[in-house]
Amino acid sequence: MVLTIDVGNTNIVVGVYDNDELCLISRLASDQNRTSDETAVQLKAILALKNIDVKSIDGAIVSSVVPLITEPLSKAIEMLIGKKPLVVGPGMKTGINIGIDNPAQLGSDLLVDSVAAAALYPTPVIVADMGTATTLTVVNDKNTILGGAILPGVKTSLNALTAKAAQLLQIGIEAPKKAIGSNTVECMKSGTVLGNASMLDGMIDRFNEELGKECFVVATGGLSEVISQYTKHKIVCNPNLLLEGLYILYKKNI
């Protein structure tokens with residue numbers, strides 16, 4: 001079995017693969033104050049809930065965009081399974097070329113998403129990862145990451161809006177009955193859901209135009225399924241894309 005862990009700004013997503021099958025998915029809050037011991041206890045408890053013996057874990061791999069969590073998490077994993085985890089970073093075999101101006105600036109999450117997208121879907125491919133930030137990453141038909149775009153995530157934007165506008169309250173993130181809202185809540189739902197869907201459509205059009213060809217589009221992240229069902233472009237949702245990328249990288253590097 002292989003332990004795959006994605007450390008994001010909001011959540012830590014834990015996955016376990018057994019014979020190429022994802023048999024466990026769980027989430028922890030991304031707490032930068034959590035110690036190695038606390039992390040080890042929580043990981044062991046998560047595995048126990050699914051009746052997975054720690055001794056059955058053969059190895060682990062971690063992708064992290066929160067440096068303060070990476071080291072204590074790595075120590076916790078080593079305490080649990082007796083082996084240091086692989087950590088996505090420079091020197092790792094990926095099968096992906098990085099064509100951006102400064103490859104060192106590429107987030108490990110974007111790299112892992114790109115590895116999975118290039119392995120699982122036709123290229124050129126656009127990956128939309130909709131988490132704390134919404135990131136769009138373009139991988140061409142030569143498996144090269146060309147770059148993309150970064151913008152505030154759906155919840156991040158909504159939280160900023162309600163924090164700064166005294167008369168706007170928090171709403172559920174769900175589509176309105178129509179684009180032209182007739183009350184404040186419906187207007188906010190329209191902007192939040194249909195506005196983000198329109199953003200995706202517009203950026204996909206721009207990327208396709210710059211490349212001179214149509215890209216396959218895959219979306220992942222917490223709100224990808226909610227938003228992508230209202231886009232005019234066909235978007236395939238894969239909520240486990242990053243975990244799949246981690247598993248692919250693990251097999252390339254053991």
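These lines cover the structure that appears in this document, whether it is placed above or below. (Residues numbered from 1 in each chain as written. Predicted model: local features only at pLDDT ≥ 70, side-chain atom pairs only at ≥ 80, totals over all residues. Heavy atoms only, no water.)

## Considerations on the state of the cysteines
Working step 1: The final tally for this structure, using the stated rule, is zero disulfides.
Working step 2: For Cys-215, which is in no disulfide, the shortest distance to another cysteine sulfur is to Cys-237 and amounts to 17 Å.
Working step 3: Under the relative-accessibility criterion, Cys-215 is labelled buried at 10%. (Disulfide = S-S within 2.5 Å. Buried < 20%, exposed > 50% of the residue type's maximum accessible area, 1.4 Å probe, protein only.)

## What about the pattern of salt bridges?
Pairs may arise between side chains of opposite charge once their charged atoms sit close together.
Working step 1: The tally for this structure, following the rule as stated, stands at four salt bridges.
Working step 2: With a closest N to O distance of 3.6 Å, Lys-251 and Asp-20 form a salt bridge. You can see Lys-251 sitting in helix α7 (residues 241-253) and its partner Asp-20 sitting in the loop between β2 (11-18) and β3 (21-29), a full 231 residues away along the chain.
Working step 3: Here the salt bridges share partners, and the residues they tie into one network are Glu-174, Glu-186 and Lys-189. (Salt bridge = Lys/Arg side-chain N within 4 Å of Asp/Glu carboxyl O. Helix = DSSP H or I, 4+ residues; strand = E, 2+ residues; numbered from the N terminus.)

## Comments concerning the sheet that holds strand β6 (residues 97-98)
Working step 1: The six strands lie next to each other as β6-β9-β8-β7-β10-β11, forming an open sheet whose pairing is mixed. Looking at which strands have only one partner, the edges of the open sheet turn out to be β6 and β11 (236-237).
Working step 2: Sheet topology places strand β8 (residues 133-139) next to strand β9 (residues 144-152); seven bridges connect them, and they run antiparallel. Bridge pairing in β9 places Ala-133 opposite Pro-152.
Working step 3: Against the sheet, helix α5 (residues 184-211) contacts β7 (125-130), β8, β9 and β10 (216-220), and its axis sits at roughly 25° relative to β8. (Pairing = 2+ DSSP bridges. Contact = heavy atoms within 4.5 Å. Axes fitted to C-alpha atoms, helices over the stretch in contact; angles between N-to-C directions.)

## Observations concerning the pairing of strand β4 (residues 59-64)
Working step 1: Counted residue by residue, β4 has six buried out of six residues, so it is predominantly covered.
Working step 2: The alternating pattern of β4 places Gly-59, Ile-61 and Ser-63 and Ala-60, Val-62 and Ser-64 on opposite faces, both of which are buried.
Working step 3: Of the pairings in the sheet, the one linking strand β1 (residues 2-7) to β4 comprises six bridges and is parallel in character. The partner of Ile-5 across the bridge, within β4, is Val-62.
Working step 4: Of the pairings in the sheet, the one linking β4 to strand β5 (residues 86-87) comprises two bridges and is parallel in character. Bridge pairing in β5 places Val-62 opposite Val-87.

## Observations concerning the packing of aromatic side chains
Working step 1: What the rule picks out here adds up to two aromatic pairs.
Working step 2: Here Tyr-17 and Tyr-247 contribute two aromatic rings whose centre-to-centre distance is 4.3 Å and whose plane-to-plane angle is 5°, an arrangement assigned as stacked. In this pair, Tyr-17 sits in strand β2 while Tyr-247 sits in helix α7, placing the two residues 230 residues apart along the sequence. Each of the two residues, Tyr-17 as well as Tyr-247, counts as buried.
Working step 3: Between Tyr-121 and Phe-216, the aromatic rings sit 5.2 Å apart at their centres with planes inclined by 15°, giving stacked as the arrangement. One end of the pair, Tyr-121, is in the loop between α3 (108-120) and β7; the other, Phe-216, is in strand β10, and 95 residues separate them in sequence.
Working step 4: Residue Phe-216 is classed as partly exposed on the basis of its relative accessible area, which comes to 25%. (Phe/Tyr/Trp six-rings, centres within 6.5 Å; stacked < 30°, edge-to-face > 60°.)

## Things to note about the environment of Gln-32
Working step 1: Within the secondary structure layout, Gln-32 lies in the loop between β3 and α1 (36-49).
Working step 2: Looking at Gln-32, the relative accessible area reads 44%, which means it is partly exposed.
Working step 3: For Gln-32 and Pro-67, which are 35 residues apart along the polypeptide, the C-alpha to C-alpha distance reads 9.0 Å.
Working step 4: Non-local contacts of Gln-32, meaning those with residues more than four positions away in its chain, are made with Val-66, Leu-68 and Ile-69.

## Side note on helix α4 (residues 154-164)
Working step 1: Of the positions making up α4, those classed as buried are Val-154, Leu-158 and Thr-162. The arc enclosing the buried residues of α4, seen along the axis, measures out at 50°, which places them on a common side. Residues of α4 that are exposed and angled more than 90 degrees away from the buried face: Ala-163 and Lys-164. (Arc of directions from axis to C-beta.)

These results come straight from atomic positions and should not be treated as a statement about function.
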